[in-house]
Amino acid sequence: MSIFSKIAAGEIPSYKCAENDEFYAFLDINPLVKGHTLVIPRREVDYIFDLEDDELARYQVFAKRVAQAIKEAFPCKKVAQVVLGLEVPHAHIHLIPMNSEADVDFRREKLQLSPEEFAETAQKILAAFQK
């Protein structure tokens, strides 16, 4: 079981931003900017394009709703969608509030947020998602 599957199952704590029966969204613990969120399918699949077509479509629609909540919680020009990462064998989408392309540079130094800042950030996104 991947670390992301354990997070979605509640076995490892996370800062939940949104969820339904199929998908789970939580804050990246090494965020590029405040509001940087990961969206995963609950079903453990390593590669996003190994999802069934209808599942991939539902995944994207869920990610879109999460992106809209992020944009409401953290006003920005756009919310970037980035699919990368070989370190965790579980499909995931990065949703990153951005005002410039520099906000999506994964080589830059990550933010250091306190547990309180993480909790507040997740709550803002979750509240917007639940509207």
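Thresholds applied
- Going along each chain's sequence as written, the residues are numbered from 1 onward.
- Local features in a predicted model are, by the rule used here, given only for residues with pLDDT of at least 70; side-chain atom pairs are given and counted only at 80 or more, and totals for whole chains, interfaces and linings are based on all residues.
- The basis for every side-chain value is the complete set of heavy atoms in the structure, and neither hydrogens nor water enter the calculation.
- As used in this record, nonpolar core signifies buried Ala, Val, Leu, Ile, Met, Phe, Trp, Tyr and Cys residues forming a set joined through side-chain atoms within 4.5 Å.
- Accessibility here uses a 1.4 Å probe with only protein chains present; expressed as a share of the type maximum, an area under 20% marks a residue as buried, one over 50% as exposed, and anything in between as partly exposed.
- Put simply, DSSP marks the helices as runs of H or I at least four residues long and the strands as runs of E at least two long, and each gets a number from the N terminus on.
- For this analysis, a ring pair means two rings from Phe, Tyr or Trp (six-membered ring only for Trp) whose centres lie within 6.5 Å, classed as stacked if their planes differ by under 30 degrees, edge-to-face if by over 60, and tilted for the remaining angles.
- For a helix, the expected span equals 1.5 Å multiplied by the number of residues minus one.
- Note that the arc is computed from the directions linking the helix axis to the C-beta atoms.
- Only heavy atoms matter for contacts: two residues are in contact if any of them lie within 4.5 Å across the pair.
- As used in this structure description, the phrase polar contact means that two N or O atoms lie within 3.5 Å; if the pair is within protein, one of them must be able to donate a hydrogen and the other to accept it, and residues adjacent in sequence are counted only when both atoms belong to side chains.
- Helix axes are fitted only over the stretch in contact, all axes being lines through C-alpha atoms; the angle between N-to-C directions runs from 0 to 180 degrees.
- Note that the term roughly parallel is reserved for angles under 35 degrees, roughly antiparallel for angles over 145, roughly perpendicular for angles of 65 to 115, and oblique for everything else.
- Should the near helix be turned anticlockwise from the far one by less than a right angle, the crossing is left-handed, and should it be turned clockwise, the crossing is right-handed.

Enquirer: Would you take a moment to explain the nonpolar core for this structure?
Expert: In globular proteins that are soluble, nonpolar side chains generally tend to be buried together. One finds Val39, Tyr59, Phe62, Val66, Leu95 and Ile125 to be the most contacted residues of the largest nonpolar core, which totals 28 residues. Listed by contribution, the elements that provide at least two residues to this core are strand 1 (16-19), strand 2 (23-27), helix 2 (53-73), strand 5 (93-98) and helix 3 (115-129). Here this core gets nine residues from one element, more than from any other, and that element is helix 2. If you look at the next biggest cluster of nonpolar residues, it comprises eight residues, including Phe4, Tyr24, Leu38 and Ile40.

Enquirer: Whenever I open this one, the packing of aromatic side chains confuses me. Can you help?
Expert: For any pair of aromatic rings, geometry is given as the distance between the ring centres together with the angle between the planes. Under the definition given, this model contains seven aromatic pairs. When the ring of tyrosine 15 is compared with that of phenylalanine 118, the centres are 5.0 Å apart and the planes differ by 15 degrees; the resulting orientation is stacked. With tyrosine 15 in the loop between helix 1 (3-8) and strand 1 and phenylalanine 118 in helix 3, the pair connects residues that are 103 residues apart, well separated along the chain. On the accessibility criterion, tyrosine 15 (27% relative accessible area) is partly exposed. The class for phenylalanine 118 is buried, based on a relative accessible area of 8%.

Enquirer: Whenever I open this one, helix 2 confuses me. Can you help?
Expert: Helical geometry: 3.6 residues make up each α-helical turn, so side chains three or four residues apart lie on a common side. Relative to the 30 Å expected for 21 residues at 1.5 Å per residue, helix 2 spans 30 Å between its end C-alpha atoms, a close match to the ideal helical length. Taken together, the buried positions of helix 2 are Glu55, Leu56, Tyr59, Phe62, Ala63, Val66, Ala67, Ala69, Ile70 and Ala73. Taken down its axis, helix 2 places every buried residue within 160 degrees of arc, on the same side. Exposed and oriented more than 90 degrees from the buried face of helix 2 are Asp53, Val61 and Lys64. Buried positions along helix 2 lie against strand 1, strand 2, strand 3 (37-41), strand 4 (78-82), strand 5 and helix 3.

Enquirer: I tried to follow the side chain of histidine 94 on my own but got confused; where do I start?
Expert: Its location among the elements puts histidine 94 in strand 5. Here the side chain of histidine 94 touches histidine 36 through a polar contact of 2.8 Å, side chain to side chain. Aside from chain neighbours lying at most four places away, what touches histidine 94 is Asp28, His36, Thr37, Leu38, Ala80, Gln81, Val82, Leu84 and Phe106.

Enquirer: Any chance you could explain the packing of helix 2 against helix 3 here in plain terms?
Expert: Each packed pair of helices is defined by two parameters, the angle between the axes and the distance between the axes. In contact at an axis separation of 8 Å, helix 2 and helix 3 are set at 120 degrees when each is read in the N-to-C sense. It follows that helix 2 is oblique to helix 3 by the angle criterion. In the crossing of helix 2 with helix 3, the sense of the turn from one axis to the other is right-handed. On the side of helix 2, the interface is formed by Phe62, Arg65, Val66, Ala69, Ile70, Glu72 and Ala73, while helix 3 contributes Lys124, Ile125, Ala128 and Phe129.

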